[in-house]
Amino acid sequence: MTFRQGGSLDTSGVSGGGRGGRGGRRGMAVGGGVGGLAIVLVALFLGVDPGQLGLQSGDNGGPQSDSAQEFQAHIDQCDLEQANTDTVCRIVATTESLEDVWTTQLPDQAGMRWVQPHTTIFTGDVDTACGAASSDIGPFYCPADQDVYLDPAFFDQVLVDRLGGSPAGAAQMYVVAHEFGHHLQTMLGDIRRSQQDPQGPSSGAVRVELQADCYAGLWAHYATSTPAPGGGEPLLESLTRSDVDAIIQTAEAIGDDHIQKSGGARVDPDSWTHGSSEMRRQWFLTGYEQGSMQACDTFGARL
Ligand SMILES: [Zn+2]
């Protein structure tokens, strides 16, 4: 997936974060929540066990950390051209492409206005309205502050080296688009189904994750044809077969069965939270090929 040459980026929706950053948004305790459900973040891979993750209220209100300031400076100087070679700038540009697509598609397909989530690029530990979290859990979305949290080091260190995902930029963009899918589910009220039925091959959690993959596919379907605001050229000028292959390789790499196998564990569908490699591949492709939110109804589908 290639961004067009030239052009600036609106970086205002993305900030550098990390322990102590963005003072006022420090963690409230986990437990309160929308509709009486605990507010739990939705991580990209593996089941989220709040105990294991040390999800507790951050109490470390120091000055903005060095990494947060460095990320912020990096983000501020991103332009569209750099988004083709630089991971941080690619994340920023992808959030803008997602905004363009969903601002058009959500009113068209669901009669709702899109509200862009915030995105935080961080490393190490970060305080969120879902509690404190660390990079170890991979990219995640917190419904309580409607913020997507990404550590750029995750892509090489975990996704590629440990799990065998693709190093291509398209793979990183798919991950960002998947997290934005969770934001859409929060807007639509579907995200809670994940917590109501958290495990198993046809659980609510798996259906929520597969739907986020499908929404990522939907974004890819429209990404190269949706004009920039004001009728400008689309931010993305190409999406090739090898981009789609890179995304599929990555979707398969983060399938629960593959993660279990690569960790030396036995494949245990009853513990699945995100779906198998085959399911993730299939639902990304459903969104990509059909471009329809209705086609992404994983809750009504037989799994
Ligand atoms: Zn997810």
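For the structure itself, consult the block above.
Fair warning: this is a prediction, and the values are worked out from it, not measured in the lab.

Engineer: Explain the state of the cysteines to me, please; I cannot follow it from the model alone.
Structural biologist: A covalent bond between the sulfur atoms of two cysteines is what we call a disulfide. The final tally for this structure, using the stated rule, is 3 disulfides. Paired by a disulfide, Cys-130 and Cys-142 hold their sulfur atoms 2.1 Å apart. The S-S bond linking Cys-130 to Cys-142 shows a torsion near 95°; that makes this disulfide right-handed. Taken as a pair, Cys-130 in the loop between strand 5 (125-128) and strand 6 (131-134) and Cys-142 in strand 7 (residues 140-142) lie far apart in primary sequence, 12 residues in all. Pair check on accessibility: Cys-130 and Cys-142 agree, each one buried.

Engineer: Teacher, can you tell me more about the pairing of strand 5 here?
Structural biologist: Pairing of strand 5 with strand 6, which is carried by 4 bridges, proceeds in the antiparallel orientation. Note on strand 6: the bridge partner recorded for Asp-125 is Ser-134. Connecting the antiparallel pair strand 5 and strand 6 is a turn made up of 2 residues.

Engineer: What is the right way to look at the nonpolar core in this model?
Structural biologist: For soluble globular proteins, the rule of thumb is that nonpolar side chains tend to be buried together. Counting residues in hydrophobic clusters, the biggest one holds 66 residues, and the most contacted among them are Met-1, Phe-3, Trp-102, Tyr-174 and Trp-219. Elements represented by at least two residues in this core include exactly helix 2 (66-76), helix 3 (87-110), strand 8 (147-150), helix 4 (153-160), helix 5 (169-188), helix 7 (204-223), helix 8 (241-253) and helix 10 (277-290). Among the elements that line this core, the one with the most residues is helix 7, at 10 residues. If near-sequence neighbours (up to four positions away) are discounted, Phe-3 is found in contact with Leu-80, Ala-83, Asn-84, Arg-90, Ala-93, Thr-94, Met-173, Leu-235, Leu-236 and Glu-237.

Engineer: Just to check I follow, could you spell out helix 10 for this structure?
Structural biologist: Every α-helical turn comprises 3.6 residues, leaving residues that sit three or four positions apart pointing alike. The terminal C-alpha atoms of helix 10 lie 20 Å apart, and with 14 residues this matches the ideal 20 Å at 1.5 Å per residue to within 8%. Every buried residue belonging to helix 10 is among Ser-277, Met-279, Arg-280, Trp-283, Phe-284, Leu-285, Thr-286 and Gly-287, and all of these are buried. On the buried face of helix 10, the contacting elements are helix 5, helix 7, helix 8 and helix 9 (256-262). Trailing helix 10 by a residue or two, Gly-291 shows a phi angle of about 60°, which is positive.

Engineer: Whenever I open this one, the packing of aromatic side chains confuses me. Can you help?
Structural biologist: For any two aromatic rings, the description comes down to two numbers: the centre-to-centre distance and the angle of the planes. All chains considered together, the criterion is met by 9 aromatic pairs. For the ring pair Trp-114 and Phe-180, a centre distance of 6.3 Å and an interplane angle of 20° mean the geometry is stacked. Taken together, the positions of Trp-114 in the loop between helix 3 and strand 4 (118-121) and Phe-180 in helix 5 put the pair 66 residues apart, joining distant regions of the chain. Taken as a pair, Trp-114 and Phe-180 share a single burial class, namely buried.

Engineer: Teacher, can you tell me more about helix 4 here?
Structural biologist: Where helix 4 is concerned, the buried positions are Phe-154, Phe-155, Val-158 and Leu-159. Buried residues of helix 4, seen end-on, are gathered within an arc of 110° and therefore sit on one face of the element. Close packing links the buried residues of helix 4 with helix 3, helix 5 and helix 8.

Engineer: Please explain the coordination of the zinc ion as it appears in this structure.
Structural biologist: For a metal bound by four donors in a tetrahedral arrangement, the ideal donor-metal-donor angle is 109.5 degrees, while six donors in an octahedral arrangement ideally sit at 90 or 180 degrees. Within the protein, the zinc ion binds to His-178 (NE2), His-182 (NE2) and Glu-209 (OE); these donor distances fall in the range 2.0 to 2.1 Å. When the donor residues of the zinc ion are listed from N- to C-terminus, their spacing reads H-x3-H-x26-E. With His-178 and His-182 both in helix 5 and 4 residues apart, this pair spans about one turn of that helix. The class of His-178 is buried, set by a relative accessible area of 0%.

Engineer: I'm lost on the pattern of salt bridges in this one. Help?
Structural biologist: Pairing between side chains of opposite charge can happen when the charged atoms of each approach one another. For the structure on display, the rule yields 5 salt bridges. Between Arg-281 and Glu-252 there is a salt bridge; the shortest N-O distance is 3.9 Å. Of this pair, Arg-281 sits in helix 10 while Glu-252 sits in helix 8, and the two are 29 residues apart along the sequence. Linking Glu-278 and Arg-281 is a salt bridge whose minimum nitrogen-to-oxygen distance equals 2.9 Å. Within this pair, Glu-278 and its partner Arg-281 are both found in helix 10, separated by 3 residues, close to a single helical turn. The partly exposed category is assigned to Glu-278, whose relative accessible area is 41%. What makes Arg-281 partly exposed here is its relative accessible area of 25%. The network of salt bridges with shared partners includes Glu-252, Glu-278 and Arg-281.

Calculation criteria
- Residues numbered from 1 in each chain as written.
- Predicted model: local features only at pLDDT ≥ 70, side-chain atom pairs only at ≥ 80, totals over all residues.
- Heavy atoms only, no water.
- Disulfide = S-S within 2.5 Å.
- Helix = DSSP H or I, 4+ residues; strand = E, 2+ residues; numbered from the N terminus.
- Buried < 20%, exposed > 50% of the residue type's maximum accessible area, 1.4 Å probe, protein only.
- Pairing = 2+ DSSP bridges.
- Core = buried A, V, L, I, M, F, W, Y, C linked by side-chain atoms within 4.5 Å.
- Contact = heavy atoms within 4.5 Å.
- Expected span 1.5 Å × (residues − 1).
- Phe/Tyr/Trp six-rings, centres within 6.5 Å; stacked < 30°, edge-to-face > 60°.
- Arc of directions from axis to C-beta.
- Donors = N, O, S within 2.8 Å, 3.2 Å for Na, K, Ca; no water.
- Salt bridge = Lys/Arg side-chain N within 4 Å of Asp/Glu carboxyl O.

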